[in-house]
Amino acid sequence: MFACVEKLIAERDWGVILSVRAVEQPGEKYQVKALTKVLLGRPSVGETWYFEGEYLQSPRYGRQLVAQSGYRKMPTGKLICRYLAEHAPGVGLDRATRLWNKWNVNLATIISDENNIPEIARVLAPDRPNLAVRLAAAVVRAWKDSAAESNLVDWLMQRGVEDLKIARRVARILGDSAIQALASNPYILVPLLPSWTKLDEFARRVMQETGAKAPGADVRRLVGAVDAVVKGTLADGDTVLTRERLRSSLAKLLESSEGSDTVDAAIAAGERNGAILPVSGGWRAPGAALLEDNVAAKLRRMLEPSYPSPVGVPPPDQLARLLDRMANPSRPLHEEQKSAALKVMVHAIACLQGGAGVGKTYTLKIVCDLYESFGGRVLLGALAGKAALRLARATDRDAFTLARIIGQLAERERIESALHDPGLDAPTVARSSERLKSLIKIDDRTLVVLDEASMIDLPTLHAILRYMPEGARLLLTGDAAQLPPIGFGLIYHALVSDPQITANLTVIHRQASESGIPTVSAAIRERRMPLFTDYQGVADGVSFVPCESGLIGDVVERIVLQVGGYSNGVLVVSPTKKGPGGVDALNARLHERLRPSCAPAHDIKGFNAQYYTIGDPVMCLRNDYSRGLFNGQIGQVQSIPDSPGERWLEVLFDGESSPRTLQLEDLMDLTLAHAITCHKLQGSQAARVVVPIYESRVLDPSWVYTAITRAERQVILVGDLTVLSLALRRSRTAENRRVGFAWPLGIHGGENLPARCCSGS
Amino acid sequence: MPARSIIPEILAKLEPYLELLDQQWESQAEGCRTPTLPQDKGQVNVRAITKAVGLRQSQEQHFFKKPELALAINELARIQGLRGINSRELQDAGDRVHAARMQKVERHNTDLSRSLAEREAVIERQRREIDALRAQLALLEETGMTIRTSGVR
């Protein structure tokens, strides 16, 4: 509903609380509480905004609308002056009024065009040309940015698309031509709209509005369908489409048969418009192909003799002597570790590969010590907060989550670029320079070490490589027997097949094997059935508790209660979301059974039938690099509101020192985490892991291996031993992933794909 | 046919005369030079100059009315420490030169302001393009896809 902002009650980084008057029902007043991220812009007094959300009756504030979205109705007439005074820095009401006096009702048109900056500058401050141009640019920017978003939201809402995030992204990419671009091809929204059915409905309506005769057979729809198949392929982790997959998926989307002319026409249109890139046996997804080729080119460049090496690494014989000196005398390096360390020191890109208990982290620590002794810098990164903590402790260095690294490098880039503006005022320069000192930096002397690299997807590796200047080095450590990344692409698995850059560690060391986990996981890695110990409650080792599949939920619950819940470092790793042993059912059970006595009687309602209380482990479901949050990050609820009407949580995430407040909007990207699918737990660890084993298509050696290696001390498998035995005979998930990344062959010429791509299973 | 200007004719006589006086000034020992221009209590004597260059007394007025002539004498007067010819016309002429110079500077400033503003417009457009490309890159790194910006064929 539309409301006029009468007062700003609170204005903070997280959002605003406003006192508003309803436009449709004059005299009706209420409060609006809105997070910054659900608003398109910042409200000011006197503006008209459209808000959507839920009404709450707060004992303190009366009727309050908790906004789920809000956008400004762009002002018209003389109100534009007020808008510019509020939103164009340095302009003020006097100068804005000068603009109105000059152009009157044409003002909106004038300030919508950068070409008018010279004229606007003359009117704003004729006697101060330097200041005037900056103010004029600020006027155009304030108007265009907001007008593009608001007009687009209006346009989309009228056509049933109500997601502000989509409008914001489209407006940022297409600017003030967004509506025109969408009207001319609504299917360009494929990457952003989750459902093909909804997009297709929306797009057909728009095409009818613009006079399309047969929207169903329109080439825009055909190309849109190809884009949608590409999107689905990427969601499955592949970057290459097979002929069968493309034809069957297109037939489904276009409601046709696989051999139909419509499907042929769609494929031809897809190729013609670059929606798919033909290669032998299939097609590459063009966006992913670009990322893959960029990564391949960057990594290849690192192997060229001309790649700069500002940190002088001595020859191997000298390195070997230094290695002996670096190692802890009570824990000398094994010959295999020594030669691995030497190998990874030689190249600017290298992989350190091995299973659990082979001393990867210890070898890594020595490599880091050595590199720093030559004057280099080391930056350590891991997918999950807990993994970063473990890495930091094992190497005696700071380690960060990849989300934090990318977020800070992006912020650094933004600040450094802003500092190039000679017109920046001195306090801003000082503040920005100070901030730069605290941000992560990669320079030509940095060795970037990424742990658990087998789980790093293509876009994440691409983002990190983008920030690495010439001279910087990359060391990937991981285990290709683990599950492939959640996101699309497969880089590490391809790189470790290159012996030139890969050092393999295979010997399990005594001190690591005491828990039994390395020995059992080594057997699973080789698809052998291991020997399990008997389950006796809390004890280190790997045990198997047989049970019928129908009872699996009960048995898992009993075991979790015996060994303790998340507060005692226990996580359940399940193959599926559904079913009695699945994540959903177990989370619901454990949420109730592990409720602490101090927790209030009421729960906080999240989304997707999730309820939270104090002590519940929760998991983030979306990457948000700007806030340092990533998909799969685990935390624990520290406090909830006293009033059941309010909906927020305070969560302490792994690896962080203070809790974050998650508002209602954030709860959409949150889930309970007593039980987690193995994919989501990648990169994370827990002291004790309970693993239900029941028939599921995801169960394969890499799934079981990944689940077991998530545990630091104890693994309890629960279920059917026959199912486990069958799972070990299956091929690994990574072997089935179809990708276009080629190594060491380099970028494809467009004809051939590596064997992995088209062989499928 | 326009009337012939008297200035070149007078200048033809005046300049060699002033050149001679300047040489005489220069030939004196530094620090104890006395002015060589005709003078009366430190003020240039225009009548004496008129006579010295062979002009009629009635032509004396030109030195007051024609800045080109007065400026040539005043330059040497300034060097020799004398007060130069001062007249309303000469002041007006000076004002005009100054005003013209001001106008030129102002024109130059306006040109600079204009080009500065035009450059700002280009920067603003490029900033918008960079923002759009960054947003596409972010979308690419998140979804593996970008928003199609060209038409389909």
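Residues numbered from 1 in each chain as written. Chains lettered and ligands numbered in written order. Predicted model: local features only at pLDDT ≥ 70, side-chain atom pairs only at ≥ 80, totals over all residues. Heavy atoms only, no water.

Just to check I follow, could you spell out the overall build of chain B for this structure?
Broken down by element type, chain B carries 5 helices and 2 strands. Reading the helices (α) and strands (β) of chain B from amino to carboxyl end gives α-β-β-α-α-α-α. Radius of gyration (C-alpha) of chain B: 32 Å, far over the 15 Å computed for a compact globule of 153 residues. C-alpha extents for chain B along the principal axes are approximately 95 × 50 × 25 Å. When each of the 153 residues of chain B is scored for burial, the buried share is 34%. Accessible surface for chain B amounts to roughly 10,100 Å². Of this, 53% is attributable to carbon and sulfur atoms. One finds the centroid of the 24 positive side-chain charges in chain B at a distance of 5 Å from the centroid of its 22 negative side-chain charges. (Helix = DSSP H or I, 4+ residues; strand = E, 2+ residues; numbered from the N terminus. Rg over C-alpha atoms; globule rule 2.2 N^0.38 Å. Buried < 20%, exposed > 50% of the residue type's maximum accessible area, 1.4 Å probe, protein only. Areas by Shrake-Rupley, 256 points an atom, 1.4 Å probe, with all protein chains shown as cover. Lys, Arg positive; Asp, Glu negative; His and termini not counted. Charge placed at Lys NZ, Arg CZ, Asp CG, Glu CD.)

What exactly am I supposed to notice about the side chain of B:His62 here?
Residue and element names in this part refer to chain B. Checked against the element boundaries, His 62 lands in helix H3 (residues 61-65). On the basis of relative accessibility, which here comes to 15%, the residue His 62 falls in the buried class. Sequence-distant contacts of His 62, defined by excluding residues within four places in its chain, comprise Ile 6, Ile 10 and Leu 69. (Contact = heavy atoms within 4.5 Å.)

Would you mind going over the packing of aromatic side chains with me for this structure?
Both the distance between ring centres and the angle between the ring planes are used here to describe each pair of aromatic rings. All names here are of chain A. Applying the stated criterion to the full structure yields 9 aromatic pairs over all chains. With a centroid separation of 5.5 Å and 45° between ring planes, the pair formed by Phe 532 and Phe 544 is classed as tilted. Taken together, the residues span a long stretch of sequence, with Phe 532 in the loop between helix H22 (517-525) and strand E16 (541-546) and Phe 544 in strand E16 at a distance of 12 residues. One aromatic cluster in this structure is built from Phe 2, Tyr 50 and Tyr 71. Arg 63 extends its terminal NZ or CZ atom over the ring of Tyr 55, reaching a point 3.8 Å from the ring centre. Across from the ring centre of Tyr 467, 4.9 Å away, lies the NZ or CZ of Arg 466, which sits over that ring. (Phe/Tyr/Trp six-rings, centres within 6.5 Å; stacked < 30°, edge-to-face > 60°. Lys NZ or Arg CZ within 6 Å of the ring centre and 35° of its normal.)

How should the interface of chain A and chain B be read in this particular structure?
Note on interface size: it is often stated as the accessible area lost on association of the parts. Across the contact, 45 residues belong to chain A and 32 residues belong to chain B. Around 3,500 Å² of area is buried between chain A and chain B when both sides are counted, 58% of it from carbon and sulfur atoms. Scanning the region where chain A abuts chain B turns up 9 salt bridges. The partner of A:Glu413 in a salt bridge is B:Arg134, and the shortest N-O contact between them spans 4.0 Å. Counting across the chain A and chain B interface gives 13 residue pairs in polar contact (both at pLDDT 80 or more). Counting only elements with at least two residues in the side of chain A that touches chain B, the list comes to helix H4 (117-124), helix H5 (129-158), helix H6 (164-174), helix H9 (219-235), helix H12 (286-303), helix H17 (402-418) and helix H19 (458-466) of chain A. The greatest single-element share of the side of chain A that touches chain B, amounting to 8 residues, is contributed by H5(A). When its residues are assigned to classes, the side of chain A that touches chain B shows 24 nonpolar, 7 polar and 14 charged. (Buried area = accessible area lost by both parts, 1.4 Å probe. Salt bridge = Lys/Arg side-chain N within 4 Å of Asp/Glu carboxyl O. Polar contact = N/O pair within 3.5 Å; in protein donor to acceptor, adjacent residues only side chain to side chain. Nonpolar A, V, L, I, M, F, W, Y, C, P; charged D, E, K, R; others polar.)

Would you take a moment to explain the confidence of the model for chain A for this structure?
Residues shown with low pLDDT carry predicted positions that ought not to be read at fine detail. Residue and element names in this part refer to chain A. Taken residue by residue, chain A gives an average pLDDT of 90. The fraction at 70 or more is 97%. Mean pLDDT in chain A bottoms out at helix H30 (residues 755-759), which sits at 39, and peaks at strand E13 (residues 446-450), which reaches 98. Within the model, pLDDT remains below 50 along residues 746-761, and this stretch shows 42 contacts once partners closer than five positions in the same chain are excluded. (pLDDT = per-residue confidence, 0-100.)

It is not clear to me how the environment of A:Ile456 should be interpreted in this structure. Could you clarify?
Structurally, A:Ile456 is set in the loop between E13 and H19. Residues contacting A:Ile456, with those up to four places away along its chain left out, are A:Leu383, A:Leu402, A:Leu450, A:Asp451, A:Leu461 and A:Pro485.

Any chance you could explain the sheet that holds strand E21 (residues 634-639) of chain A here in plain terms?
Strand pairs in the sheet, formed through backbone hydrogen bonds, run parallel or antiparallel to each other. Residues and elements named next belong to chain A. Taking strand neighbours across the sheet as the criterion, the 5 strands line up as E23-E22-E21-E20-E24 in an open arrangement whose pairing is antiparallel. Of all strands in the sheet, those with a lone pairing partner are strand E23 (660-662) and strand E24 (670-672), marking the two edges. Ignoring strand direction, the axes of neighbouring strands in this sheet form an average angle of 45°. (Pairing = 2+ DSSP bridges. Axes fitted to C-alpha atoms, helices over the stretch in contact; angles between N-to-C directions.)

Explanation requested: the environment of A:Leu474 in the structure shown.
Residue and element names in this part refer to chain A. Within the secondary structure layout, Leu 474 lies in strand E14 (residues 473-478). For Leu 474, a relative accessible area of 2% puts it in the buried group. Excluding residues that lie within four positions of it along the chain, Leu 474 makes contacts with Leu 299, Met 302, Ala 348, Ile 349, Ala 350, Leu 447, Val 448, Leu 450, Leu 461, Leu 465 and Met 468.

Can you walk me through the pattern of salt bridges in this structure?
When the charged atoms of two side chains with opposite charge come close together, those side chains can pair. Residue and element names in this part refer to chain A. Taken as a whole, this structure holds 62 salt bridges over all chains when the rule is applied. Salt-bridge contacts for Glu 6 lead to Arg 21; the nearest nitrogen and oxygen are separated by 2.9 Å. Within this pair, whereas Glu 6 is found in strand E1 (residues 2-11), its partner Arg 21 is found in strand E2 (residues 15-22), the two being separated by 15 residues in sequence. The class for Glu 6 is partly exposed, based on a relative accessible area of 31%.

Any chance you could explain the sheet that holds strand E11 (residues 377-382) of chain A here in plain terms?
Residues and elements named next belong to chain A. Taken in spatial order, the 6 strands line up as E12-E11-E13-E14-E10-E15 in an open sheet, and their pairing is parallel. With one partner strand each, in any of the chains shown, strand E12 (399-401) and strand E15 (502-505) form the two edges of the open sheet. Going from strand to strand, the sheet's axes swing by 20° on average, the running direction of each strand aside. With 3 bridges joining them, E11 and E12 adopt parallel strand pairing.

How should I be thinking about the nonpolar core in this particular structure?
Nonpolar side chains in soluble globular proteins tend to be buried together. In this structure, A:Val170, A:Leu189, A:Leu250, A:Leu299, A:Leu474 and A:Leu476 are the most contacted members of the largest nonpolar core, which totals 105 residues. With 8 residues, H9(A) is the largest single contributor of residues to this core. With residues up to four places along the chain from it excluded, the contact list for A:Val170 reads A:Leu152, A:Gly175, A:Ala178, A:Leu182, A:Leu189, A:Leu192 and B:Ile147. In terms of nonpolar packing, the next biggest core, distinct from the first, is built from 37 residues, A:Leu352, A:Leu380, A:Val449 and A:Ala503 among them. (Core = buried A, V, L, I, M, F, W, Y, C linked by side-chain atoms within 4.5 Å.)

How should unusual backbone geometry be read in this particular structure?
Across residues other than glycine, the phi torsion is negative in most instances, and most of the peptide bonds are trans. Residues and elements named next belong to chain A. One non-glycine residue, Glu 452, lies in positive phi territory at about 50°. Examined against the element boundaries, Glu 452 turns out to sit in the loop between E13 and H19. The buried category is assigned to Glu 452, whose relative accessible area is 9%. A positive phi angle, near 65°, is found at Arg 527, a position not held by glycine. Topologically, Arg 527 is positioned in the loop between H22 and E16.

Teacher, can you tell me more about H4(A) here?
Three or four residues apart is the spacing at which side chains of an α-helix point the same way, because the helix has 3.6 residues per turn. H4(A) sits mainly inside the fold: 6 of its 8 residues count as buried. Buried within H4(A) we find A:Ile117, A:Pro118, A:Ile120, A:Ala121, A:Val123 and A:Leu124.

Looking at this structure, how should I read the state of the cysteines?
Here is the idea: a disulfide is a covalent bond, and it sits between the sulfur atoms of two cysteines. All names here are of chain A. One pass over the structure, following the stated rule, counts 0 disulfides over all chains. A disulfide-free cysteine, Cys 4 has its sulfur positioned 17 Å from the sulfur of Cys 81, the nearest such atom. Taking relative accessible area as the criterion, Cys 4 reaches 13% and is therefore assigned buried. For the unlinked cysteine Cys 678, the closest cysteine sulfur is that of Cys 547, found at 19 Å. (Disulfide = S-S within 2.5 Å.)

Hey, could you run me through the pairing of strand E20 (residues 617-620) of chain A in this one?
Working note: regular strand, side chains alternate between the two faces of the sheet. Residue and element names in this part refer to chain A. Of the two faces of E20, the one holding Pro 617 and Met 619 and the one holding Val 618 and Cys 620 are both buried throughout. Across 3 bridges, E20 lies against E21 in antiparallel orientation. The partner of Met 619 across the bridge, within E21, is Ile 634. As judged from the 3 bridges shared by E20 and E24, these two strands associate in the antiparallel manner. Residue Met 619 lies in a different strand from E24, and its bridge partner there is Thr 671.

Could you clarify how one ought to interpret the pairing of E13(A) in this entry?
Residue and element names in this part refer to chain A. Among the 5 residues in E13, 5 count as buried, and that is most of the element. Neither face of E13 is exposed, since Thr 446, Val 448 and Leu 450 on one face and Leu 447 and Val 449 on the opposite face are all buried. Of the strand pairs in this sheet, E11 and E13 are connected by 5 bridges, and their pairing is parallel. Counted as the bridge partner of Arg 377 is Thr 446 from E13. Here 4 bridges tie E13 to E14, and the two strands are oriented parallel to one another.

I keep staring at the packing of helix H13 (residues 316-326) of chain A against helix H15 (residues 360-373) of chain A and nothing clicks. Help me out?
Each pair of packed helices can be described by the angle between their axes along with the distance between the axes. Residue and element names in this part refer to chain A. Closest axis-to-axis distance for the H13/H15 pair is 10 Å, and the angle between their directions is 115°. The hand of the H13/H15 crossing is right-handed. On the side of H13, the interface is formed by Leu 319, Leu 322, Leu 323 and Met 326, while H15 contributes Ile 366, Asp 369, Leu 370 and Ser 373. Split into classes, the residues belonging to the contact of H13 with H15 amount to 6 nonpolar, 1 polar and 1 charged. (Left-handed = near helix turned anticlockwise from the far one by under 90°.)

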